[in-house]
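Results of the structural survey
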2 protein chains.
Amino acid sequence: MASLRIGWIGTGVMGVSMARHCLTKGFTDFSAYNRTSSKLQPLLELGAKQMDSPRAVAENSDVVFTMVGFPSDVRDVILHSEKGVLTGLPKGGIIVDMTTSEPSLALEISEAAKSAGKFALDAPVSGGDVGARNGTLSVFVGGEEDVLERVKPILETFSGTIAHMGPAGCGQHTKAGNQVTICSNMIGMCEGLMYAHAAGLDLENYLQAISKGAAASFSLTALGPRIIKGDLNPGFYVEHFVKDLGIAVQEAQRLKLGLPGLGLAHQLYLSLLACGDGRLGTQSLIRAIERLNSRKIC
Amino acid sequence: MASLRIGWIGTGVMGVSMARHCLTKGFTDFSAYNRTSSKLQPLLELGAKQMDSPRAVAENSDVVFTMVGFPSDVRDVILHSEKGVLTGLPKGGIIVDMTTSEPSLALEISEAAKSAGKFALDAPVSGGDVGARNGTLSVFVGGEEDVLERVKPILETFSGTIAHMGPAGCGQHTKAGNQVTICSNMIGMCEGLMYAHAAGLDLENYLQAISKGAAASFSLTALGPRIIKGDLNPGFYVEHFVKDLGIAVQEAQRLKLGLPGLGLAHQLYLSLLACGDGRLGTQSLIRAIERLNSRKIC
């Protein structure tokens, strides 16, 4: 399997860690592209070859991974008729889009790939920057199962769980449900911290006390301590989470679903964009709760 | 320490499991009272003595634990001038109220105990029926630290974490913050399941896939599978959770805090009471999300 030629497009906070696991765990025939080319540097030092377009990456690859920002980036990188991955990829090649994106776009890419004698999977991930660094991400895969089997050894280099969720689009639907859950978990964590602060509790003691009981969550354990330290640096950007929640809101509307918690979280996160906090980490939701109450806790 | 005489009042879902751990782990001089006396049976079989009032329990005890339903029950059981614990307890005795109750009432009990030459701790728990059964509860303690030290060996029989949070009332404040966090976690879990169902995903597969990533939480792991199986039996009653959230809402108003997620969760849980679901478990929040959307997922 290690003879597979790998292509990687998108080396932001998540992508660079994931690509590093591939490169250092046996997939050394590796070409890469990133819009901001300086962010490729850590991979070039590990032996990756720099390409000047997504198409050029694809021409040198059997499997191309994309981990970019917004659905419009996914469309551009994969479907652009001149510079896109689908044009460059050899017949029988596989596109694995790991960006959190729209289920409908995943379907469109899957159809386009099939028409061209190629294959596509939608495979967004969960687990944050910590999961990417430690190689313990959860991957939610939509598409054909036998195609997934062929790329599994590569996915395994950076993931703890790989779940086949159904046909094309089902990976993205799973990720949308995942984000619906997380956004309310974030509200619960931030409001709990605000309450504890107002009640005069020591926040470190509070966080430690509730972290092992029924309030336990990944959000609480991974992000609570950062909030208390005043560390709002991005593991995952607010602006990307707003994108994710926007997709969930749009899909819920298409499915004719009312989800009031999602609506509240989406609006609170939008208020972070309104205040210029889009490039902070998602734990900055505490800023929205602070501004609501004119009270700083960190 | 095992020579301490233990009193126990309140043997509902949580209380009976906690008391059982005490009894089977060395604290065998054990008297108990419950309003519905049939619920004492499992403890009597382990050697507990049945008493006919909280006062009678206290007269035979060095330390009395109370685990009842509502703040009005706490007031009645502990402070009732004729039949209450405080009247019966020997000088130097300790009252440990483990009910989730009002911080202000915890302060009042602490003052009353001190005036009578006795001691009181507020020590609500988190971890649900699972934590009570397995003896892994988290205990949040308000009151004097040296008093806590004296009862710690008893608390340790049913808990994994014992945290001293500050003076009287701080245990209750911690629990309120804990419930503020949990209620939004519950919204996140239920809305995610509803979304996944509407998107056509297999719910068991969905739940397993997201349970290890950034959406992970105690709620998801402990209660998600029950929802999918249609098991809405109470680990923790909706009516008790509504009481807890009501306390948090009331305290937040006293502290002049706006917590929109808490407000939403409180209203959704109140809608369960409106529909007669008060004696179901807290995972029945899914019923509110189902009713909103005229769509059953279980």
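Here the structure is a predicted model, which means the values were calculated and not measured.

**Focus on the relation of the copies chain B and chain A**
Overlay of chain B on chain A (RMSD 0.0 Å): rotation 180°, translation along the axis 0.0 Å. Given the turn and translation reported, the copies of this chain are related as if by a two-fold rotation axis. In terms of C-alpha distance to the rotation axis, chain B has Ser217 of chain B as its closest residue, with the C-alpha 1.9 Å off the axis. A high fraction, 100%, of the interface residues of chain B reappear at the interface in chain A, so the copies pair face to face through one surface.

**Regarding the interface of chain B and chain A**
Of the residues lining the interface, 58 residues belong to chain B; the matching set on chain A comes to 58 residues. Here chain B and chain A share an interface that buries about 4600 Å² over both sides, 64% of which is from carbon and sulfur atoms. On the chain B side of the interface with chain A, the three residues burying the most area are Glu191, Tyr195 and Ala214 of chain B, jointly 15% of the side's total. For the interface between chain B and chain A, the tally reads 0 salt bridges.

**Considerations on helix α12 (residues 238-254) of chain A**
Along its 17 residues, α12 of chain A runs 24 Å from first to last C-alpha, staying within 8% of the 24 Å computed at 1.5 Å per residue. Inspection of α12 of chain A places Val238, His240, Phe241, Val242, Lys243, Asp244, Leu245, Ile247, Ala248, Glu251 and Ala252 of chain A among the buried residues, and these make up the whole buried set. Where α12 of chain A is buried, its residues touch α4 (71-79), α6 (103-115), α9 (170-198) and α13 (260-274) of chain A together with α9 (170-198) of chain B. Two residues or fewer past α12 of chain A, Lys256 of chain A is found with a positive phi of approximately 55°.

**Observations concerning the domain arrangement of chain A**
Residue and element names in this part refer to chain A. Along its sequence, chain A is organised into domain 1 (6-166) and domain 2 (173-293). If you average the C-alpha positions of domain 1 and of domain 2, the two centres end up 28 Å apart. Listed as interface residues are 17 residues of domain 1 and, on the opposing side, 16 residues of domain 2. Interface of domain 1 and domain 2: buried area, both sides summed, is about 1500 Å²; carbon and sulfur atoms make up 62% of it. Considering only the surface of domain 1 that becomes buried against domain 2, Phe70, Thr100 and Pro103 emerge as the three largest contributors, covering 32% of it. Counting across the domain 1 and domain 2 interface gives 1 salt bridge.

**Some points on the pairing of strand β2 (residues 30-33) of chain B**
Looking along a regular strand, one sees the side chains alternate between the two faces of the sheet. Residue and element names in this part refer to chain B. In terms of strand pairing, strand β1 (residues 6-9) meets β2 through 4 bridges, oriented parallel. Among the inter-strand pairings, Trp8 is bridged to a residue of β2, identified as Ala32. Sheet analysis places β2 next to strand β3 (residues 49-50), joined by 2 bridges and oriented parallel. Looking at β3, one finds that Ala32 is bridged to Gln50.

**Concerning the pairing of strand β8 (residues 137-142) of chain B**
All names here are of chain B. Within β8, 6 of the 6 residues are buried, which leaves it mostly tucked inside the rest of the structure. Going residue by residue along β8, you find Leu137, Val139 and Val141 tucked away on one face and Ser138, Phe140 and Gly142 tucked away on the opposite face as well. As defined by bridge partners, β8 adjoins strand β9 (residues 159-166) across 6 bridges and the pair is classed as parallel. Looking at β9, one finds that Leu137 is bridged to Ser159. Handedness of the β-α-β unit built from β8, helix α8 (residues 145-155) and β9 comes out right-handed.

**Remarks on the packing of aromatic side chains**
Residue and element names in this part refer to chain A. Counted according to the given criterion, the structure contains 10 aromatic pairs over all chains. Ring centres of Trp8 and Phe158 lie 6.1 Å apart, and the angle between their planes is 90°; this geometry places the pair in the edge-to-face category. Within this pair, whereas Trp8 is found in strand β1 (residues 6-9), its partner Phe158 is found in the loop between α8 (145-155) and β9 (159-166), the two being separated by 150 residues in sequence. Note on accessibility: Trp8 and Phe158 belong to one class, buried.

**Some details on the environment of Glu108 of chain B**
All names here are of chain B. Of note, Glu108 is situated in helix α6 (residues 103-115). In this structure Glu108 comes out as partly exposed when scored by relative accessible area, which is 34%. Through-space distance from the C-alpha of Glu108 to that of Cys298 is 45 Å; in sequence the pair is 190 residues apart. Once residues within four sequence positions are removed from consideration, Glu108 is found in contact with Arg75 and Leu79.

What counts and how
Residues numbered from 1 in each chain as written. Chains lettered and ligands numbered in written order. Predicted model: local features only at pLDDT ≥ 70, side-chain atom pairs only at ≥ 80, totals over all residues. Heavy atoms only, no water. Least-squares fit on C-alpha atoms with pLDDT ≥ 70 in both. Contact = heavy atoms within 4.5 Å. Buried area = accessible area lost by both parts, 1.4 Å probe. Salt bridge = Lys/Arg side-chain N within 4 Å of Asp/Glu carboxyl O. Helix = DSSP H or I, 4+ residues; strand = E, 2+ residues; numbered from the N terminus. Expected span 1.5 Å × (residues − 1). Buried < 20%, exposed > 50% of the residue type's maximum accessible area, 1.4 Å probe, protein only. Domains from an automatic or database assignment. Pairing = 2+ DSSP bridges. Right-handed = clockwise from strand over helix to strand, strands pointing away. Phe/Tyr/Trp six-rings, centres within 6.5 Å; stacked < 30°, edge-to-face > 60°.

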